[in-house]
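Survey of secondary and tertiary structure
Each chain is listed here by its residues.
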Amino acid sequence: MKIVVNDESVVVDDGTSVADLLTTLGIPDKGIAVAVDWAVIPRSDWHQGLTDGATVKVVTAVQGG
């Protein structure tokens, strides 16, 4: 299935979860937030599968002022 991750098209297997996606893309799961279709997904729900055409945003926490 095809999804969009941070404005880039990505092809993943059906049933891929947020956790699977992060692992596949080599993105560490600490210090980040994930939104799917503009809704922030709590870490406890990262096991749920993504749907075809989903838009995923992964943002990194940045320290500063």
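The preceding data block contains the structure.
One structure accompanies this document, and this report is about it.

Reading guide: rules and limits
Residues numbered from 1 in each chain as written. Predicted model: local features only at pLDDT ≥ 70, side-chain atom pairs only at ≥ 80, totals over all residues. Heavy atoms only, no water. Pairing = 2+ DSSP bridges. Helix = DSSP H or I, 4+ residues; strand = E, 2+ residues; numbered from the N terminus. Salt bridge = Lys/Arg side-chain N within 4 Å of Asp/Glu carboxyl O. Buried < 20%, exposed > 50% of the residue type's maximum accessible area, 1.4 Å probe, protein only. Core = buried A, V, L, I, M, F, W, Y, C linked by side-chain atoms within 4.5 Å. Contact = heavy atoms within 4.5 Å. Arc of directions from axis to C-beta.

Let us now look at the sheet that holds strand S2 (residues 8-11). In space, the five strands of this open sheet follow the order S2-S1-S5-S3-S4, with mixed pairing throughout. Of all the strands in the sheet, just S2 and strand S4 (39-40) have a single pairing partner and so form its edges. Pairing of strand S1 (residues 2-5) with S2, which is carried by four bridges, proceeds in the antiparallel orientation. Bridging from a neighbouring strand, Val4 pairs with Ser9 of S2.

All right, on to the pattern of salt bridges then. Pairing between side chains of opposite charge can happen when the charged atoms of each approach one another. Applying the stated rule across the entire model yields one salt bridge. One salt bridge connects Asp7 with Lys57, and the closest N-O pair in it is separated by 2.8 Å. Here the residue Asp7 occupies a position in the loop between S1 and S2, and Lys57 occupies one in strand S5 (residues 55-60), the gap between them amounting to 50 residues. With relative accessibility at 63%, the residue Asp7 sits in the exposed group.

Here the focus is the nonpolar core. Membership of the largest hydrophobic core comes to 16 residues, with the highest contact counts inside it found for Ile3, Val34, Leu50 and Val56. Mapped onto this core, the elements with two or more residues apiece are S1, helix H1 (18-25), strand S3 (32-36) and S5. Non-local contacts of Ile3, meaning those with residues more than four positions away in its chain, are made with Glu8, Ser9, Val10, Val12, Leu21, Leu50, Thr51, Gly53, Ala54 and Val56.

On to H1. One full turn of an α-helix is made of 3.6 residues, so residues set three or four places apart face in the same direction. For H1, the complete set of buried residues consists of Val18, Leu21 and Leu22. One side of H1 carries all its buried residues, which in axial view fall inside an arc of 100°. The exposed set on the far side of H1, more than 90 degrees from its buried face, consists of Thr23 and Thr24. Next to the buried residues of H1 lie S1, S3 and S5. At the C-terminal side of H1, Gly26 shows a positive phi close to 70°.

All quantities given are derived from atomic positions and should not be read as evidence of function.
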